[in-house]
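Analysis of the macromolecular model
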Amino acid sequence: MKQKVVIKVTMNGQKSRSKAMKIAVVSGVESVAFKGKEMDEVEVIGDGIDAVALTSLLRKNVGHAELVSVGSAEKKEEKKNEIVYAWNSYPYESYPIYHYPVYNRADSCSIM
């Protein structure tokens, strides 16, 4: 079962981010991403991740680390309200169509 682990780590610069990325990529990990406003949260998704061991490794090698959440990584499909526009192929369909009477030429002239 896939797990999603979010760990908040105090990082000072690009060097500490790359160090955290190297530590987070262990066997069984599918993806690692930095999240949050200040890019200070490491999100790890994979199978068989030991969240406590990963947090302690990040704490020892990078800086202060705090385990934020551990949960399943199943994607929930959200139904969005979609607006569907339908256009008529004939733009004048909505206007009333007037039909004029059709006169037969034989009936139109009484002399002939």
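Structure first, text after, so check above.
In this report, we go over the structure that sits alongside the text. All of these numbers come straight from a predicted model, not from anything done at the bench.

At a minimum axis separation of 10 Å, helix H1 (residues 14–24) and helix H2 (residues 51–61) run at an interaxial angle of 150°. Viewed along their axes, H1 and H2 adopt a mutual orientation that is roughly antiparallel. As for how H1 packs across H2, the hand of that crossing is right-handed. Contacts between H1 and H2 involve Lys19, Ala20, Ile23 and Ala24 on the former and, on the latter, Leu54, Leu57, Leu58 and Asn61.

Let us now look at the side chain of Thr55. Among the structural elements, Thr55 can be located in helix H2. Setting aside its immediate chain neighbours within four residues, Thr55 contacts Ile7, Ala65, Glu66 and Leu67.

If you look at the biggest cluster of nonpolar residues, it comprises 17 residues, and the most contacted ones within it are Ile7, Val9, Val42, Val44, Leu54 and Leu58. Listing elements by their share of this core, those giving two or more residues are strand E1 (2–9), H1, strand E2 (29–35), strand E3 (41–47) and H2. What Val44 contacts, discounting residues up to four positions off in sequence, is Gln3, Lys4, Val5, Ala24, Val29, Ser31, Val32, Ile49 and Leu54.

A full pass over the atoms with the stated rule returns 3 salt bridges. Linking Glu43 and Lys4 is a salt bridge whose minimum nitrogen-to-oxygen distance equals 3.4 Å. Taken together, the residues Glu43 in strand E3 and Lys4 in strand E1 connect sequence positions 39 residues apart. Residue classification places Lys4 among the partly exposed residues on the basis of a relative accessible area of 33%. Taken together, the salt bridges that share partners define one network made up of Lys4, Lys35 and Glu43.

About the criteria used
- Residues numbered from 1 in each chain as written.
- Predicted model: local features only at pLDDT ≥ 70, side-chain atom pairs only at ≥ 80, totals over all residues.
- Heavy atoms only, no water.
- Axes fitted to C-alpha atoms, helices over the stretch in contact; angles between N-to-C directions.
- Helix = DSSP H or I, 4+ residues; strand = E, 2+ residues; numbered from the N terminus.
- Parallel < 35°, antiparallel > 145°, perpendicular 65-115°, else oblique.
- Left-handed = near helix turned anticlockwise from the far one by under 90°.
- Contact = heavy atoms within 4.5 Å.
- Core = buried A, V, L, I, M, F, W, Y, C linked by side-chain atoms within 4.5 Å.
- Buried < 20%, exposed > 50% of the residue type's maximum accessible area, 1.4 Å probe, protein only.
- Salt bridge = Lys/Arg side-chain N within 4 Å of Asp/Glu carboxyl O.

Any functional reading would require information beyond the geometric quantities listed.
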